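The residues making up each chain are set out below.
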Amino acid sequence: MPVQRLIIISDEPEEDLTEQLVDAAQLSGLDAVVVQPQHFDHVSPPVLNHGDLLYRVAITHEACVIEQQLIHPGVATCYRNPLGAFTIWDNQTLFLARYGVPVPRTFHAMTTDRQELSRRVEALGGLPVVFKVPGKSLGVGVVRVDNWPTFFSVADALESAHGQHVHLMACVEPAEHWRILVVNGEVAAAYKNLPQEDDFRTCVDEDQKDCFTSPAPESSQNVAIEACEALGLEFGGVDVLVHGSGRDYVLEVNFPCYFAHPKHAINLDVAAQLVTHLKQKGQQLREQLA
C-alpha cells in the first residue's frame, strides 16, 4: 500500500497551524500534502487513497467545498460520520441545548419589534444582555449592552446589517472563559482567556503561562467533551464559561479551530495529538479494506 498521506487544506502553507500539522505528520511517518484552494483543480480533483488523512485549516467557502469534494468513507477525518463534512449546524447552541449540553439562554432569530425585544430581555433575566453575530471570530460581532437606549439602537443596527441572523443571549457574569481543545473524546489542552482592558471580551495571552498550566475545572472538561460528541466531532475548540456559582455554559464548539497557542506558550503539541488520532483512524480504515 502507498504511504499514508495527511492532506491539509490551507490558504497559507507557511502559517503556524499548517506548519505544526506538517511537522507532526513527518514525525509520524506520513507524507504531508498541502492543498491550496487558489490552486485546486475543481475539474479534475485528486482522489484520496483509502486510509489517507484529511484536515481543513482554511475556513473559506471554497475550502469547505474542496473538503467535500475530497472526502469519502475511506478517508480519516475529525468527523464521526464518514461524510460529516456535509453537515451544517446553523444554530449550534440550540442543537446543543436540545442535546442537554448547558448553554446560555439564547434567542436565535433577530427582530426589531420593541415590545417583543423587551419580552425576550425579560426572559433572559434582564439587562445586561449580549448580541452575537454567528460566524465571526476573535470576539468580532459580540456586543454587551447594559441600558435600553443603547440596546434598541444596537438591535436596529445589527438587524440592518445582518437581518435575522443575530443571536440575543443572556450575559453570564461573573465568569471565567476557558478554551478547551478536545481530541477523540479527551482533553488535549485547556487554557484560560483573560478579559481585555476596558472590554468585557476575553483573549488569549501566551505570556501568561499559568493560564495554560492551571487545569480547567473537571466539569468544564466534561461538558466540552459532551459538546463535541453531540456535534459528531472528534476534534474541536470548545469555549466554556464557568460562572461564579460553578455552573458551566458552552458558548460554541469551533471546528476547525486555532490550536497553536499551547505549542507557543508551553510547548504542548496539540497537532501531534490530532495527527496521532487521525493516523490510527486511517490505519483502521486500511485494515477494513484488506
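Everything quoted here is computed from the prediction, not taken from an experiment.

Participant: Explain the sheet that holds strand E5 (residues 129-132) to me, and be specific about the residues and the numbers.
Facilitator: Taken together, four strands build an open sheet; the order of strands is E4-E7-E5-E6 and the sheet is antiparallel. Sheet topology places strand E4 (106-107) and strand E6 (142-145) at the edges, where each strand pairs with a single neighbour. Bridge count between E5 and E6: four bridges; the pairing is antiparallel. In the strand pairing of E6, Val129 is matched with Val145. Contacts between helix H5 (residues 148-162) and the sheet are confined to E5, E6 and strand E7 (167-170), with E5 contributing the most and set at about 10° to the helix.

Participant: An account of the sheet that holds strand E2 (residues 31-35) is needed here, citing residue identities and associated values.
Facilitator: Read from one edge to the other, the open sheet built from three strands follows the order E2-E1-E3, with strand pairing classed as parallel. Of all strands in the sheet, those with a lone pairing partner are E2 and strand E3 (53-56), marking the two edges. The sheet shows a mean angle of 20° between the axes of neighbouring strands, taken without regard to direction. Pairing between strand E1 (residues 5-9) and E2: five bridges, direction parallel. When the bridges of E2 are listed, Leu6 appears paired with Ala32. Where helix H1 (residues 16-27) meets the sheet, its contacts fall on E1, E2 and E3, and the angle it forms with E1 comes to roughly 175°.

Participant: How would you summarise the packing of aromatic side chains if you had to cite specific residues and measurements?
Facilitator: Enumeration according to the criterion identifies twelve aromatic pairs in this entry. Three or more aromatic residues link up through ring pairs in this structure, and these residues are Tyr55, Tyr79, Phe235, Phe255 and Phe259. Arg114 extends its terminal NZ or CZ atom over the ring of Phe152, reaching a point 4.5 Å from the ring centre.

Participant: An account of the side chain of Thr77 is needed here, citing residue identities and associated values.
Facilitator: Positionally, Thr77 belongs in the loop between helix H2 (61-70) and helix H3 (92-99). There is a polar contact of 3.1 Å between the side chain of Thr77 and the backbone nitrogen of Tyr79. Dropping the residues within four chain positions of it, Thr77 is found in contact with Leu54, Ile71, Glu234, Leu278 and Lys281.

Participant: Tell me what's going on with the nonpolar core, and back it up with residues and numbers.
Facilitator: Formed by 66 residues in total, the largest nonpolar core has its most connected members in Leu21, Tyr55, Leu96, Phe235, Val238, Val250 and Phe259. When residues no more than four places from it in sequence are discounted, the contact partners of Val238 are Trp178, Arg179, Ile180, Val182, Ala224, Ala227, Cys228, Val250, Glu252 and Val253. By size, the runner-up hydrophobic cluster in this structure holds 16 residues, among which are Val133, Ala155, Leu168 and Ala170.

Participant: Can you tell me about the packing of H1 against helix H9 (residues 270-289), naming the residues and giving the values?
Facilitator: A packed helix pair is summarised by two numbers, namely the angle formed by the two axes and the spacing between the axes. For the pair H1 and H9, the least separation of the axes is 8 Å and the interaxial angle reads 55°. On the basis of the axis angle, H1 is oblique to H9. Once H1 is placed against H9, the crossing between them reads as right-handed. Facing H1, whose interface residues are Gln20, Leu21, Ala24 and Ala25, H9 presents Ala271, Ala272, Leu274 and Val275. Of the residues in the contact of H1 with H9, the class split is seven nonpolar, one polar and no charged.

Thresholds applied
- Residues numbered from 1 in each chain as written.
- Predicted model: local features only at pLDDT ≥ 70, side-chain atom pairs only at ≥ 80, totals over all residues.
- Heavy atoms only, no water.
- Pairing = 2+ DSSP bridges.
- Helix = DSSP H or I, 4+ residues; strand = E, 2+ residues; numbered from the N terminus.
- Contact = heavy atoms within 4.5 Å.
- Axes fitted to C-alpha atoms, helices over the stretch in contact; angles between N-to-C directions.
- Phe/Tyr/Trp six-rings, centres within 6.5 Å; stacked < 30°, edge-to-face > 60°.
- Lys NZ or Arg CZ within 6 Å of the ring centre and 35° of its normal.
- Polar contact = N/O pair within 3.5 Å; in protein donor to acceptor, adjacent residues only side chain to side chain.
- Core = buried A, V, L, I, M, F, W, Y, C linked by side-chain atoms within 4.5 Å.
- Buried < 20%, exposed > 50% of the residue type's maximum accessible area, 1.4 Å probe, protein only.
- Parallel < 35°, antiparallel > 145°, perpendicular 65-115°, else oblique.
- Left-handed = near helix turned anticlockwise from the far one by under 90°.
- Nonpolar A, V, L, I, M, F, W, Y, C, P; charged D, E, K, R; others polar.

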